[in-house]
Amino acid sequence: MRAAALSVPRLDKMPGMFFSPNPKDLKETDHSPLDDKTQKRRPRTFGMDMKAYLRFMVPHLESGMKSSKSKDILSADEVMQWSQSLEKLLANRTGQDVFGNFLKSEFSEENIEFWLACEDYKKTESSLLHSKAENIYKVFVHSDAAKQINIDFHTRESTAKKIKSPTPTCFDEAQKIIYSLMEKDSYPRFLKSNIYLNLLNDLQASSLK
């Protein structure tokens, strides 16, 4: 199977929807790209200074470590809030990216990509609902989808019927299932992962300098 007021691109690039970190940006490090399905190593973070680590975890982040008064830097307090709930984590743009990188390391990034696609879809103008609904369905929901999400047959069939006359809520049922899956399965592991703990520890250490 297959968030800190910081403005960074979203996870995956789909036409008219949202954007992802460019895999080329990861070439600045000596690590293998997280989306390389042929390698199951998790990204190494030990030995990296904080600025380099943040650039690795959140490509395009150029601010590095700044004064705690800056509005452009991720703080330890904000990262600690991610552990309160998955909702808190996903409400933060940077949190979305860091969690997304963790999911890539577990080869389940389709879950957050689908969740983000649904969030974007709900804000879509009515004239574009049909094309976006078809795109999301083909990429994530269809039985032969390249990034097929793990939902039951009934929900898959129900969603297929709903997109024929799309509304902003036609993916809600499937989105709730995927959110619940991430909340119960991936999110607890994320909070215990090196990706999260190293980031939090380095931010806490930096705040003491």
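Everything that follows concerns the structure shown earlier in this document.
What you see is a predicted model; the values in this text were computed from it and never measured.

The rules behind these values
- Residues numbered from 1 in each chain as written.
- Predicted model: local features only at pLDDT ≥ 70, side-chain atom pairs only at ≥ 80, totals over all residues.
- Heavy atoms only, no water.
- Helix = DSSP H or I, 4+ residues; strand = E, 2+ residues; numbered from the N terminus.
- Buried < 20%, exposed > 50% of the residue type's maximum accessible area, 1.4 Å probe, protein only.
- Areas by Shrake-Rupley, 256 points an atom, 1.4 Å probe, with all protein chains shown as cover.
- Core = buried A, V, L, I, M, F, W, Y, C linked by side-chain atoms within 4.5 Å.
- Contact = heavy atoms within 4.5 Å.

Caption draft 1: Representation of the overall build of the chain within the structure. If you tally the helices and strands in the chain, you get nine helices and zero strands. Listing the helices and strands of the chain from first to last along the sequence gives α-α-α-α-α-α-α-α-α. With 209 residues in all, the chain has 47% of them scored as buried. For the chain, the accessible area works out to roughly 11200 Å², and carbon and sulfur atoms hold 50% of it.

Caption draft 2: Quick peek at the nonpolar core. W82, F99, F114, F171, M182 and F190 are the most contacted members of the largest nonpolar core, which has 40 residues in total. Looking at this core, the element that brings in the most residues is helix α5 (residues 110-121), giving seven residues. Setting aside residues no more than four positions away along its own chain, F190 makes contact with W82, L89, V98, F99, F102, I195 and Y196.

Caption draft 3: Broad picture of the environment of E183. When you line up the elements, E183 lands in helix α8 (residues 172-192). According to the relative accessible area criterion, E183 is partly exposed, its value standing at 36%. Measuring from C-alpha to C-alpha, the distance between E183 and L86 comes to 6.1 Å, with 97 residues separating the pair along the chain. In contact with E183, other than residues within four places in its own chain, are L86 and P188.

Caption draft 4: Here's a closer look at unusual backbone geometry. Positive phi, normally seen in glycine, also occurs at F107, with a value near 55°. For F107, the location among the structural elements is in the loop between α4 (93-105) and α5. For F107, a relative accessible area of 15% gives the class buried.

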